[in-house]
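Each chain, written out:
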Amino acid sequence: MRNWRALFIGLLTACAAFSPHSPAYAEKQILISLSASAEGSISYAAATALCRTINLAPQDTNLLCTTTPGGGSVESIRRLHAGTATLGLAQSDTQFSAWK
């Protein structure tokens, strides 16, 4: 249950960061690469749903989101560090280990 709460809070934070009212908003198209676990996983389904929601935003937001399947939480964090992903879904214990 805790993992779902952490995932939900992370998704809300991501949505707020890319809203048209955030300082990061610009007139040019903003590409969002969302790293998730393998296709068929819950993480991939959540990432795909988030991207679909972002892509359905009004045209004036200029957002384009794509989901990239991967090997799991560790790979998502590595992609974030390498700069090949804008956002990544990861389990809370893996996030804590990466932060620590």
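Refer to the preceding data block for the structure.
Conventions used here
- Residues numbered from 1 in each chain as written.
- Predicted model: local features only at pLDDT ≥ 70, side-chain atom pairs only at ≥ 80, totals over all residues.
- Heavy atoms only, no water.
- Core = buried A, V, L, I, M, F, W, Y, C linked by side-chain atoms within 4.5 Å.
- Buried < 20%, exposed > 50% of the residue type's maximum accessible area, 1.4 Å probe, protein only.
- Helix = DSSP H or I, 4+ residues; strand = E, 2+ residues; numbered from the N terminus.
- Axes fitted to C-alpha atoms, helices over the stretch in contact; angles between N-to-C directions.
- Parallel < 35°, antiparallel > 145°, perpendicular 65-115°, else oblique.
- Left-handed = near helix turned anticlockwise from the far one by under 90°.
- Contact = heavy atoms within 4.5 Å.
- Nonpolar A, V, L, I, M, F, W, Y, C, P; charged D, E, K, R; others polar.
- Salt bridge = Lys/Arg side-chain N within 4 Å of Asp/Glu carboxyl O.
- Arc of directions from axis to C-beta.

Undergrad: Help me out: how do you make sense of the nonpolar core in this one?
TA: What tends to happen in soluble globular proteins is that the nonpolar side chains get buried as a cluster. Core analysis: the largest hydrophobic core is formed by 14 residues, its most contacted members being Ile 32, Leu 34, Ala 47, Ile 54, Leu 63, Cys 65 and Leu 89. Breaking this core down by element, the ones donating at least two residues are strand E1 (30-35), helix H2 (42-55) and strand E2 (63-68). Here the element with the most residues in this core is H2; it accounts for six residues.

Undergrad: Sorry, what's going on with the side chain of Ser 37 here?
TA: Position of Ser 37 relative to the elements: it lies in the loop between E1 and H2. Ser 37 sits in the buried class, given a relative accessible area of 17%.

Undergrad: Looking at this structure, how should I read unusual backbone geometry?
TA: Where the residue is not glycine, phi is negative for most of them; where a peptide bond is considered, it is trans in most cases. Within the chain, Asn 62 stands out as a residue other than glycine whose phi angle is a positive 60 degrees. The topology assignment puts Asn 62 in the loop between H2 and E2.

Undergrad: Even after reading the chapter, I still don't get the packing of helix H3 (residues 73-82) against helix H4 (residues 92-99), so can you show me in this structure?
TA: Geometrically, a packed helix pair is captured by the angle between its two axes and the distance between the axes. Here H3 crosses H4 at 40 degrees, and the two axes come no closer than 9 Å. Here H4 runs oblique to H3, going by the angle between their axes. The interaxial crossing formed by H3 with H4 has right-handed handedness. Where H3 abuts H4, its residues Ser 73, Val 74 and Ile 77 lie against Thr 94, Gln 95 and Ala 98. For the contact of H3 with H4, the residue count by class is three nonpolar, three polar and no charged.

Undergrad: Sorry if this is basic, but what is going on with the pattern of salt bridges here?
TA: Two side chains with opposite charge may pair up if their charged atoms get near one another. All told, the structure shown has one salt bridge when counted by the stated rule. Glu 75 is the partner of Arg 79 in a salt bridge, and the nearest nitrogen-oxygen pair spans 2.6 Å. Of this pair, Arg 79 and Glu 75 both sit in helix H3, four residues apart, which is roughly one turn of that helix. By relative accessible area, which is 16% here, Arg 79 ends up buried. In this structure Glu 75 comes out as partly exposed when scored by relative accessible area, which is 31%.

Undergrad: I tried to follow H3 on my own but got confused; where do I start?
TA: Spacing of three or four residues puts side chains on the same side of an α-helix, whose turn is 3.6 residues. Along H3, the residues classified as buried are Ser 73, Ser 76, Ile 77 and Arg 79. What you see down the axis of H3 is that its buried residues fit within an arc of 155 degrees, all on one side. Residues of H3 that are exposed and point more than 90 degrees away from the buried face comprise Arg 78, His 81 and Ala 82. The inward-facing, buried residues of H3 contact E1, E2, strand E3 (87-88) and H4. Just past H3, the residue Gly 83 takes up positive phi, approximately 85 degrees.

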